[in-house]
Amino acid sequence: MSSASVLFDAPGPRARLRHNLYSVLVVLVLVGAGWWLYDAFADKGQFTAAKWKPFVDSQVWETYILPGLQGTLTAAVLSIIGSLIFGMIFGILRLSDHAWVRGAAGTVVELARAIPVLILMIFLFKVFGVYDLFPSDRLALAAVVIALIIYNSAVIAEIVRAGIKSLPRGQTEAAVALGLRKNQLMRLILLPQAVTAMLPALVSQMVVVLKDTALGYQITFVELVRSGAQIGASFSNPIPALIVVAVIMISLNMALSLLATTLEKKLRSRKKGGGTVLAADSVLADATPGVDITKK
């Protein structure tokens, strides 16, 4: 019995034929839809050389695209770092032994998840402007970054909590038997394993952060989508401009996913290799101070 047939019944000849037919139909529909879109844009002259000529001009890239790309990457990097930090903190707080800590952290997380990011950006932009909390040229960036951190840290907190809870309870019991304190248990045993398990979900959330920076368009934040819209307005080529922006955004997301996939493979290979023994030795040394574990 193959490993594939363990999960579901292997399809017979008629089922395979039906699946192949469905696949062909889906491909034909996608090709037809793509051709219809191309034909509609071509009728409007969106694929003429004059519409695409601005993108071979270095001045257009220096004036519009590169500043927008810089704004997108700046907001994304700051938001991802902040979301990971606060997400880890609140995820761990939600596992606290103290009920009031769990309750307070849970309330903050649920409230942050319930607020739409765009509304939060607009609200923070108005508040920062009224109370002059940031320089005028940084108001939009601050509103975008803080709003993204508030929302995404709440989501990451749930990912962290689920990742830690998914680990076998025997590891916690063994660590307690060794005499590890709660912070040692979390830092040395649970979090290192949970990070590897959580990495695909964390990467998905980082991609969401990168895409959500485009919402800053509504509060005059200079990012890639806004720059694309400005190019479209200046050169009367909105469709080509947005296509170029979409290609850049897709490339950034794919690069981020590739980086995370490579990191995940390295973490898993290191976990399977000899590094695990060294980690266990460090745990024992931390749990039993004054004992030299190198002596045999």
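Placed above this text is the structure.
As the structure is a prediction and not an experimental result, all values here were calculated from the model.

When its secondary structure is counted, the protein chain shows 12 helices and zero strands. Going through the 296 residues of the protein chain one by one, you find that 34% of them count as buried. In the protein chain, of all internal contacts separated by at least 6 residues, the share reaching a separation of at least 24 is 73%. Split by element, the accessible area of the protein chain, about 18100 Å² in all, is 68% carbon and sulfur.

Axis separation between helix 4 (residues 58-93) and helix 7 (residues 139-165) bottoms out at 7 Å; the angle between their running directions is 40°. Judged by the angle between their axes, helix 4 and helix 7 are oblique. Read as a crossing pair, helix 4 and helix 7 show a hand that is right-handed. In contact with Thr74, Ala75, Leu78, Ser79, Gly82, Ser83, Leu84, Phe86, Gly87, Met88, Phe90 and Gly91 of helix 4, helix 7 contributes Leu141, Val144, Val145, Leu148, Ile149, Asn152, Ser153, Ile156, Ala157, Val160 and Arg161.

Okay, the environment of Thr220 next. Inspection of the secondary structure puts Thr220 in the loop between helix 9 (182-212) and helix 10 (224-235). For Thr220, a relative accessible area of 47% translates into the label partly exposed. A C-alpha to C-alpha distance of 9.9 Å links Thr220 and Phe125, two positions 95 residues apart in sequence. The contact partners of Thr220, leaving out residues within four places of it in the chain, are Phe125, Ala140 and Arg226.

Throughout the structure, instances matching the rule amount to five salt bridges. For Glu158, the salt bridge goes to Arg94, with nearest N and O atoms at 2.4 Å. Within this pair, whereas Glu158 is found in helix 7, its partner Arg94 is found in the loop between helix 4 and helix 5 (99-114), the two being separated by 64 residues in sequence. Owing to a relative accessible area of 15%, Glu158 belongs among the buried residues under this scheme. One salt bridge connects Glu110 with Arg113, and the closest N-O pair in it is separated by 3.6 Å. Note that Glu110 and Arg113 are positioned in helix 5 at a spacing of three residues, about one turn of the helix.

Along the polypeptide, Phe55 turns up in the loop between helix 3 (49-52) and helix 4. In this structure, the C-alpha to C-alpha distance between Phe55 and Val244, residues 189 residues apart in sequence, is 8.6 Å. Residues within four places of Phe55 in sequence aside, it is in contact with Trp61, Ile65, Ile231, Asn237, Pro240, Ala241 and Val244.

Further remarks concern the packing of aromatic side chains. Under the criterion given, the structure shown has six aromatic pairs. Arranged with centres 4.9 Å apart and planes meeting at 25°, the rings of Tyr38 and Phe47 form a pair that is stacked. Given a relative accessible area of 44%, Tyr38 falls into the partly exposed group. Consider the rings of Phe41 and Phe47, whose centres lie 6.1 Å apart with planes at 65°: the pair is edge-to-face. The class of Phe47 is partly exposed, set by a relative accessible area of 32%. An aromatic cluster is built from Trp35, Tyr38, Phe41, Phe47, Trp52 and Phe55, whose rings are joined through pairwise contacts.

Take the packing of helix 7 against helix 9 next. Two numbers describe how helix 7 lies on helix 9: the axes approach to 8 Å, and their chain directions differ by 145°. Seen along the crossing, helix 7 lies across helix 9 with a hand that is right-handed. Across the interface between the two elements, Leu148, Tyr151, Asn152, Val155, Ile156, Ile159, Val160, Gly163 and Ile164 of helix 7 pack against Met186, Leu190, Leu191, Ala194, Met198, Ala201, Leu202, Gln205, Val208, Val209 and Asp212 of helix 9. Residue composition of the contact of helix 7 with helix 9, grouped by class: 16 nonpolar, three polar and one charged.

Okay, helix 5 next. An α-helical turn contains 3.6 residues, so a residue and the one three or four places further along point in the same direction. The end-to-end C-alpha distance of helix 5 is 22 Å, a good match for the 22 Å that 16 residues give at a rise of 1.5 Å each. What helix 5 keeps buried is the set Val101, Ala105, Gly106, Val109 and Ala112. When helix 5 is viewed along its axis, its buried side chains cluster within an angular range of 135° and face the same direction. Away from its buried face by more than 90 degrees, helix 5 exposes Ala99, Trp100, Leu111 and Ala114. Check the buried side of helix 5 and you find it contacts helix 4 and helix 7.

Here we come to the nonpolar core. Ala75, Met121, Leu124, Phe128, Val144, Leu148 and Phe221 are the most contacted members of the largest nonpolar core, which totals 23 residues. Contributions of two or more residues to this core are made by helix 4, helix 6 (117-131), helix 7 and helix 9. Sequence-distant contacts of Phe128, defined by excluding residues within four places in its chain, comprise Leu133, Phe134, Leu139, Ala142, Ala143 and Ile146. Among the nonpolar cores identified, the runner-up in size contains 17 residues, and Ile156, Leu191, Ala194 and Met198 belong to it.

Rules used in this analysis
Residues numbered from 1 in each chain as written. Predicted model: local features only at pLDDT ≥ 70, side-chain atom pairs only at ≥ 80, totals over all residues. Heavy atoms only, no water. Helix = DSSP H or I, 4+ residues; strand = E, 2+ residues; numbered from the N terminus. Buried < 20%, exposed > 50% of the residue type's maximum accessible area, 1.4 Å probe, protein only. Contact = heavy atoms within 4.5 Å. Areas by Shrake-Rupley, 256 points an atom, 1.4 Å probe, with all protein chains shown as cover. Axes fitted to C-alpha atoms, helices over the stretch in contact; angles between N-to-C directions. Parallel < 35°, antiparallel > 145°, perpendicular 65-115°, else oblique. Left-handed = near helix turned anticlockwise from the far one by under 90°. Salt bridge = Lys/Arg side-chain N within 4 Å of Asp/Glu carboxyl O. Phe/Tyr/Trp six-rings, centres within 6.5 Å; stacked < 30°, edge-to-face > 60°. Nonpolar A, V, L, I, M, F, W, Y, C, P; charged D, E, K, R; others polar. Expected span 1.5 Å × (residues − 1). Arc of directions from axis to C-beta. Core = buried A, V, L, I, M, F, W, Y, C linked by side-chain atoms within 4.5 Å.

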